[in-house]
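Residue-level structural notes
Each chain, letter by letter, is given below.
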Amino acid sequence: MTTRLIYFAWVRERIGLPEEDVDLPAGIETVADLLRWLKSRGEGYEHALQYPDVIRVAINQEHVEHREKIAGAREIALFPPMTGG
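Summarised in this report is the structure supplied together with it.

Cut-offs used in this document
Residue indices follow the written sequence of each chain, beginning from 1 at its first position. Confidence filtering applies because this is a predicted model: local features only for residues at pLDDT of at least 70, side-chain atom pairs given and counted only at 80 or more, and all residues used for totals across whole chains, interfaces and linings. The side-chain values count all of the structure's non-hydrogen atoms but skip hydrogen atoms and water molecules. When a carboxyl oxygen of Asp or Glu lies within 4 Å of a side-chain nitrogen of Lys or Arg, that pair is called a salt bridge. Each helix is a run of H or I in the DSSP string that is no shorter than four residues. Each strand is a run of E no shorter than two, and both are numbered from the N terminus. Relative accessible area decides the class of each residue, using a 1.4 Å probe on protein chains only: under 20% of the type maximum gives buried, over 50% gives exposed, and in between gives partly exposed. Pairing between strands requires that DSSP locate at least two bridges from one strand to the other. Among buried residues, the Ala, Val, Leu, Ile, Met, Phe, Trp, Tyr and Cys ones that are joined through side-chain atoms within 4.5 Å form a nonpolar core. Throughout, a residue-residue contact means that at least one pair of heavy atoms, one from each residue, lies within 4.5 Å.

What follows covers the pattern of salt bridges. Pairing of side chains with opposite charge becomes possible as their charged atoms draw close. Going through the model one piece at a time under the given rule, you end up with 5 salt bridges. Ionic pairing is found between R36 and D33, a salt bridge with its closest N-O pair at 2.6 Å. Here R36 and its partner D33 are both found in helix 2 (residues 31-39), 3 residues apart, which amounts to about one turn of the helix. The exposure class of R36 is exposed, given its relative accessible area of 53%. For D33, a relative accessible area of 18% puts it in the buried group. When salt bridges with common partners are traced through the structure, they connect R4, E19 and D21 into a single cluster.

Right, dumping it as structure tokens:
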């Protein structure tokens, strides 16, 4: 199943893509698994995800924790930490 990954702010800048469609390999079951797999895909991904605990994630436009299962996700968005003022 193809999943659209969307990257925001400095995550996008470091990876070098605004979004991409990927076929997730077997064994990628949770957000944490996804972040580990993405980090292994190259230097830009590794740089963007060097501190995965700070990355915020939304599945199908709903914010989720890293332990959340991703089965059936059509869209997964990755955000840096958000600040407000």
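The discussion continues.
All right, on to the pairing of strand 1 (residues 2-7) then. Remark: a regular strand shows side chains that alternate across the two faces of the sheet. As paired strands, strand 1 and strand 2 (residues 19-23) are joined by 5 bridges and run antiparallel to one another. Residue pairing for strand 2: T3 is matched across the bridge by V22.

The next point concerns the nonpolar core. Residues Y7, L34, L38, I76 and L78 are the most contacted members of the largest nonpolar core, which totals 22 residues. Among the elements of the structure, strand 1, helix 1 (9-15), helix 2, helix 3 (43-48), strand 3 (56-59) and strand 5 (75-79) are those that each provide at least two residues to this core. Tallying contributions element by element places helix 2 first for this core, with 5 residues. Excluding residues within four positions of it along the chain, L38 makes contact with L5, Y7, Y45, L49 and L78.

Everything listed is a geometric property; what it means functionally is a separate question.
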